[in-house]
Amino acid sequence: MSATTETRHPPGGANKERTSAEIVGDGQSVGSTFFGTLKQARGWLILGALLLVTVVIGAIAAGSGEQNPLSPENAAPGGARAAAEVLERGGVEVIRAESLEDAIDALRGSDDTLLLHDPQSWLTSEQLESLGDTLADRTVLIEPGLTILTELADGVRSAGVIPADITDPLPANCSNAAATAAGSVSPGGFSYRGAVTCFPLPGEGGGNTAGTFVTTADGEIGVLGNGGIISNGRIDEHGNAALTLRVLGSTKTLVWYQPTQDDLAVTAGPADPLALLPDFVNPLMLWLLITALLAIFWRGRRLGPLVTEPLPVVVRSAETAAGRARLYQDAGAVQHAAETLRAATLARLAAALRIPPAYPRTTVVAAAASKTGRDPAELDSLLNSQLPHSDAQLVQWSQELDKLEQEIRRS
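Residues numbered from 1 in each chain as written. Predicted model: local features only at pLDDT ≥ 70, side-chain atom pairs only at ≥ 80, totals over all residues. Heavy atoms only, no water.

Draft legend 1. Highlighting the nonpolar core. With 30 residues, the main nonpolar core has F199, L243, L248, L254 and W256 as its most contacted residues. Elements with a minimum of two residues in this core: α3 (81-89), β5 (138-142), α7 (177-182), β10 (196-200), α8 (240-248) and β13 (253-257). For L243, the residues in contact, after removing those within four places along its chain, are A178, A179, A182, V185, F199, F213 and L224. By size, the runner-up hydrophobic cluster in this structure holds 23 residues, among which are A103, L149, L152 and V214. (Core = buried A, V, L, I, M, F, W, Y, C linked by side-chain atoms within 4.5 Å. Buried < 20%, exposed > 50% of the residue type's maximum accessible area, 1.4 Å probe, protein only. Helix = DSSP H or I, 4+ residues; strand = E, 2+ residues; numbered from the N terminus. Contact = heavy atoms within 4.5 Å.)

Following this line, the structure appears as structure tokens:
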């Protein structure tokens, strides 16, 4: 072919040369290429957009509104917004205390009720004592623990969890006016014992009755063991609404206080973890250490001096086979030993009959039957299906394999 360059005369008279092999594009602009790629990936883009919208909507829904159980602002089934709104419509001022200081300040007035719900036991004994010094006209404790009972409800004791198999409503069976008006309430939660015990558990009787609503002798302290009674999801069951409105609406002001981690008392410094352990832990750890050292001294392997041996060490094959056989015998691995003997015998028979290793066992069986004149079914049982189950059967079967191998080698 001719030369690969050509001469062009651009304006101005200057001669320039260029190669005839030029880079040729696809004729599309950057914008058209970009939009073409977006069009190909539109399915994934739509899925990603839907996923993003779902995540945003979920985050907004999760972050909107109150989520704490029995909160007067929580409209979920576990909240208590319905009870709070009905009380406000009835003329009761519901004040939600955000902290211990807010609760104490709100209780400085007259004719007020304190509702305390502290399931996590955030408040200490000192904080509960300061809360009790406010002398609220009435105090309602929701599912209180031992610390709250000790500080605020002297004479009321915990009686444990109400069994889950109790599903029928609990009748009042007491002289309390609010409980009598309710008639019966939903079961569940915890039970308590006190001066006046209402809604006793089935089978309870005598002077040691346990119920889900207990008051002190003067009626100023009420303990409600089932917070679900005032929740949005269960307030319309049985007499739950009547008990809730009468207990919480007996005064013109209701201070609704649910402590949080922000109410934790500030200590002088971090607590020593070792100080939280019982007194018997240190002697027990010392005793365990001594016992472990004695066990190590008793069961520890005592190694003698190292024995040097010239290398390489030659071990005869007979010793290796005998050692492996003893391991099989000690482990009782009769079938595993039989499979090993079978595989080795088939490999040697295939080599003696000039059959490649990749051929199946049926080929070896057929060739052995043709070589020895034996019944193919008999050889197939011997080489494939027969499996000994005891040492005696293993010895007899291995002798038959050896006999067959010798017979093939002699023929």
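Draft legend 2. Molecular detail of a negative patch on the surface. Taken together, the side chains of D111, D137, D218 and E220 define an acidic patch exposed on the protein surface. Since its relative accessible area comes to 40%, E220 is described here as partly exposed. (Patch = residues over 30% accessible without salt bridge, like charges linked within 9 Å, V, L, I, M, F, W, Y side chains within 5 Å. Areas by Shrake-Rupley, 256 points an atom, 1.4 Å probe, with all protein chains shown as cover. Salt bridge = Lys/Arg side-chain N within 4 Å of Asp/Glu carboxyl O. Lys, Arg positive; Asp, Glu negative; His and termini not counted. Charge placed at Lys NZ, Arg CZ, Asp CG, Glu CD.)

Draft legend 3. Representation of the environment of P360. Mapping P360 onto the fold places it in the loop between α11 (334-352) and α12 (361-372). Take P360: its relative accessible area is 46%, and that puts it in the partly exposed class.

Draft legend 4. Seen up close, α12. End to end, α12 covers 16 Å across 12 residues, agreeing with the expected 16 Å (1.5 Å per residue, within 8%). Every buried residue belonging to α12 is among V364, V365, A368, A369 and T372, and all of these are buried. Take α12 and look down its axis: the buried residues cluster within an arc of 130°, on one side only. For α12, exposure combined with an orientation more than 90 degrees from the buried face picks out T362 and S370. Summarising the contacts, the buried residues of α12 are in contact with α11, α13 (376-385) and α14 (391-410). In the stretch just after α12, G373 is the one whose phi turns positive, near 80°. (Expected span 1.5 Å × (residues − 1). Arc of directions from axis to C-beta.)

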